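One letter stands for each residue in the lines below.
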Amino acid sequence: MGKFQAFKLASIPFLLAAGGSGWAQSAPVTPPIDKNIVDFEADALDYDDRTDIVTATGNVKMERDGNRVRADRVVWQRKTGQVMATGNVAVTSPSGDVAYGDSVELTDTLKDGVVQELLIVLANGGRIAARTGVRKDNISVLDNAAFSPCAVTNDAGCPKDPSWKLKARKVTYDPVENRIRFKGARLELFGLELPTLPGFSIPADSRGSSGILAPDLRYSRANGLEATLPIYLRLAENRDLTITPHVYTNVLPALEANYRALTGAGAYQVGGFATYGSRLPTGTVAVNSERDFRGYFFANGRFQIDPKISIKASTRLATDRTFLRRYDISRDDRLRSVLNVERTSKSSYFSVAGFGFQTLRSGDNQGQVPIALPLIDYRKRFVDPLVGGRLEVQLNSLAISRTSGQDTQRAFSSVRWDVRRITSLGQEVQLTGFARGDIYHTDESAATQTAIYRGRDGYQTRFITAGAAEVRWPFIGRLFGGTQRITPRFQIVASPATKNLGLPNEDARSIDLEDTNLFALNRFPGYDRFEDGTRVVYGADWAFDVANFSLQANIGQSYRLSSKIQLFPDGTGLTNQSSDVVGRTTLKYKRIVSLTHRYRLDKDNLAIRRNEFDATVGTDATYATVGYLRLKRNVDVAIEDLRDREEARVGGRAQLARYWSVFGSAIVDLTSRRDDPTSLSDGFSPVRTRLGVAYEDDCLKLGFTWRRDFDAAGDARRGNSYQLELSFRNLGR
């Protein structure tokens, strides 16, 4: 008997020929590198030359061709090639899966054998347990086995029962095919055993493979009970297809498909949803329904051609205006299709894009919806060699067409210069110079309903110049153990009289004074309108920071030196010489409290014209969100982009136990006829409410949701809907 460390079993015959116990001191002979060599390590080794049996004890480790065995004791019968390992046995495959057992009988390839009281721990953490198991050519066949991907211990390391597991009469695990096959399987959920399942298979890890995904059940008033059974097809490592039949009790079945692909340059997906059924046109009451093909198509992708050039494309199309809501696909009221080719470098940007829109709003005329093609934009930045400022040149061209409305073409070139300096007193001074030349062409302007957006038919030109100077002077000091920062701000902007109303307005309609645009060079959101005249803007920023807490606030107002009537519509806060007062307050405490309040106060009586509040309180597990918006601007109702409204939103989730939680949300339209004469709300009209309960752990997601929709359009009815969600990790694909 001898004791060795890191010993080669393949060297044993040679060493035994040396005779006696003296071979224990002989220098080992290094054999040639061969995958048939068994790497061997043990505390003690005994060889019986009469029976040709090698016995190793104490921390025995064996390895051959990527297969490894660890045990307290190993007996190798060299005549038969049988290897018997006992005591804390662990057999590891080349893929990283580990099989544990009380005793394991293997061949000397270390791949094939029989294991008693077997536990296989897969590389991704899943477990298969069985009374006995046979492994041949790395394929394991187990009798009376159980499988679960769930953790069997909690965070404290204490044992816990998995939320679900599969028991089967026979389980076959093939690591090459990456599949686990079951025969005579039964699903056990929270200890409750469900009926026997037919033979099926699942992937052994999260890479996925072809198969049936988890079904989905829901109920809605319009469609009745809905059942889906997605079928997943893994076409290649980089391509897959999911086909989902939808079966309803109130309407004909539907078919959904989604194809995804990953290429060397990017990724894209194409999908759709189709059925043949009845629909009611929006805005109609008590009319016969129309039976026709109904569907939805979408596609999107992004490709990086080289480090500077990228292509982005997406499209969304529906056969009618209520299909997406009727089948609970989306609640969007418009669909957008876009194609954009971009080239970006450190100092330049170039884009050629096109946009198309489909309206889903009841009463909207699709012929009035714009198509923007092409939109060309080029920008180049230079470092000013004279005073060290920054110079930016922009070239832009846009063509907007409508099938039954106003068409507009626009092109401009601009140059902007900015320089920033810090004075010896700590003031931050920024100077801006701007010049732009525009050319417009438009026709059929009378087709636009809002007069101030039309402009005049034919060609129009415009030249814009502007200059601005802004000063910020921050003061920093201590407060309540933290740091406070007060920054007064002052700006003067000057621009000569500019032609505006003679030009069409396509992209600068939704104007509203806010804290974000108070100090902007042009407070219109787009290019078609530019604010002229001379104005001064003044305000202050304040910030307070202490450990885990921050409070920031700003407030400001502007004053126009000229009393000339401006082009801002009434109610925007910018119509008169003195603007309304705008501000924002933001409060944060750790990740528990986040609050933002934005407001606009009437310059004359401090009446609240805009009141917007968003707050989140809680942790990731338990939290509440509240949102409120009120626009009381007294804007002309003919300007639909600026109509007054009031809305409240609430939502939240409460964790009841480690894995259980309840959640809910609601949206309420608080707009009254006094705010907007065209509103259908009575001052308190719920839009949508939702309430549910969910269970989620490391391998199971279970939820039930109730939702009520209060709006109706065509065949998209108001009413209740219910959804049951059940998702198993690694099961159903």
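This structure is a prediction, so every number in the text was calculated from the model and none was measured. (Residues numbered from 1 in each chain as written. Predicted model: local features only at pLDDT ≥ 70, side-chain atom pairs only at ≥ 80, totals over all residues. Heavy atoms only, no water.)

K.L.:
I would appreciate a short explanation of the overall build of the protein in the present structure.
P.N.:
Looking only at helices and strands, the protein features two helices and 43 strands. A globule of 733 residues ought to have a C-alpha radius of gyration of about 27 Å, yet the protein, at 36 Å, is considerably larger. For the protein, the proportion of its 733 residues judged to be buried stands at 41%. Summed over its atoms, the accessible surface of the protein is roughly 37,900 Å², and 56% of this surface lies on carbon and sulfur atoms. Here the protein contributes 99 positively and 85 negatively charged side chains, and the mean placements of these two sets differ by 2 Å. (Helix = DSSP H or I, 4+ residues; strand = E, 2+ residues; numbered from the N terminus. Rg over C-alpha atoms; globule rule 2.2 N^0.38 Å. Buried < 20%, exposed > 50% of the residue type's maximum accessible area, 1.4 Å probe, protein only. Areas by Shrake-Rupley, 256 points an atom, 1.4 Å probe, with all protein chains shown as cover. Lys, Arg positive; Asp, Glu negative; His and termini not counted. Charge placed at Lys NZ, Arg CZ, Asp CG, Glu CD.)

K.L.:
Explain the environment of threonine 403 here, please?
P.N.:
Here threonine 403 lies in the loop between β27 (390-401) and β28 (407-422). Taking the relative accessible area as the measure of exposure, threonine 403 reaches 69% and is therefore exposed. Sequence separation between threonine 403 and valine 369 is 34 residues, and the spatial gap between their C-alpha atoms is 8.1 Å. Apart from residues lying up to four places away in sequence, threonine 403 is in contact with Gln366 and Gly367. (Contact = heavy atoms within 4.5 Å.)

K.L.:
What exactly am I supposed to notice about the side chain of threonine 315 here?
P.N.:
Its location among the elements puts threonine 315 in strand β23 (residues 309-318). Exposure remark for threonine 315: the relative accessible area of 18% places this residue in the buried category. A distance of 2.8 Å separates the side chain of threonine 315 from the side chain of serine 337, its partner in a polar contact. Aside from chain neighbours lying at most four places away, what touches threonine 315 is Phe297, Phe298, Ala299, Arg336 and Ser337. (Polar contact = N/O pair within 3.5 Å; in protein donor to acceptor, adjacent residues only side chain to side chain.)

K.L.:
What should I look at first to understand the packing of aromatic side chains in this one?
P.N.:
In this description, an aromatic ring pair is defined by two values, namely the gap between the centres and the angle between the planes. Within the structure shown, the criterion is met by 23 aromatic pairs. A ring pair is formed by phenylalanine 273 and phenylalanine 323, whose centres lie 5.8 Å apart and whose planes are at 65°; its orientation type is edge-to-face. Of the two residues, phenylalanine 273 is situated in strand β21 (residues 266-279) and phenylalanine 323 in helix α2 (residues 323-326); the sequence distance between them amounts to 50 residues. Accessibility assignment for this pair places phenylalanine 273 and phenylalanine 323 in one class, buried. Put simply, the rings of Phe147, Trp164, Phe182 and Phe728 pair up and form one aromatic cluster. In this arrangement the basic side chain of arginine 326 is found over the ring face of tyrosine 327, its NZ or CZ atom lying 5.9 Å from the centre. Its end group placed over the ring of phenylalanine 412, arginine 436 keeps NZ or CZ at 4.8 Å from the ring centre. (Phe/Tyr/Trp six-rings, centres within 6.5 Å; stacked < 30°, edge-to-face > 60°. Lys NZ or Arg CZ within 6 Å of the ring centre and 35° of its normal.)

K.L.:
Looking at this structure, how should I read a nonpolar patch on the surface?
P.N.:
Together, Phe190, Leu217, Tyr219, Leu225, Leu656, Trp660, Val662, Val693, Phe704, Tyr722 and Leu724 give the surface a local cluster of nonpolar side chains, amounting to about 950 Å² of exposed area. Among the secondary structure elements, those contributing two or more residues to the nonpolar patch are β16 (216-220), β40 (660-669) and β43 (719-728). With respect to the helices, strands and loops of the structure, phenylalanine 190 is situated in the loop between β12 (179-189) and β13 (192-197). (Patch = residues over 30% accessible without salt bridge, like charges linked within 9 Å, V, L, I, M, F, W, Y side chains within 5 Å. Salt bridge = Lys/Arg side-chain N within 4 Å of Asp/Glu carboxyl O.)

K.L.:
Hey, could you run me through the pattern of salt bridges in this one?
P.N.:
Inspection of every chain in the model, using the stated rule, returns 49 salt bridges. Its salt-bridge partner being glutamate 612, residue arginine 610 comes within 2.8 Å of it at the nearest N-O pair. Residues arginine 610 and glutamate 612 agree in their burial class; the two are buried. Several salt bridges converge on common partners, so that one network encompasses Asp512, Glu514, Asp515, Asp580, Arg584, Arg598, Arg600, Arg610 and Glu612.

K.L.:
I keep staring at the nonpolar core and nothing clicks. Help me out?
P.N.:
Side chains that are nonpolar tend, in soluble globular proteins, to be buried together. Core analysis: the biggest nonpolar cluster contains 46 residues, and Met62, Ile128, Phe147, Trp164, Ile180 and Phe182 have the highest contact counts within it. Ignoring sequence-local partners within four residues, the contact set of phenylalanine 182 consists of Phe147, Leu166, Ala168, Lys170, Val171, Gly199, Phe200 and Ile202. Grouped together as the second largest cluster of nonpolar side chains are twelve residues, Phe273, Tyr296, Leu324 and Tyr327 included. (Core = buried A, V, L, I, M, F, W, Y, C linked by side-chain atoms within 4.5 Å.)

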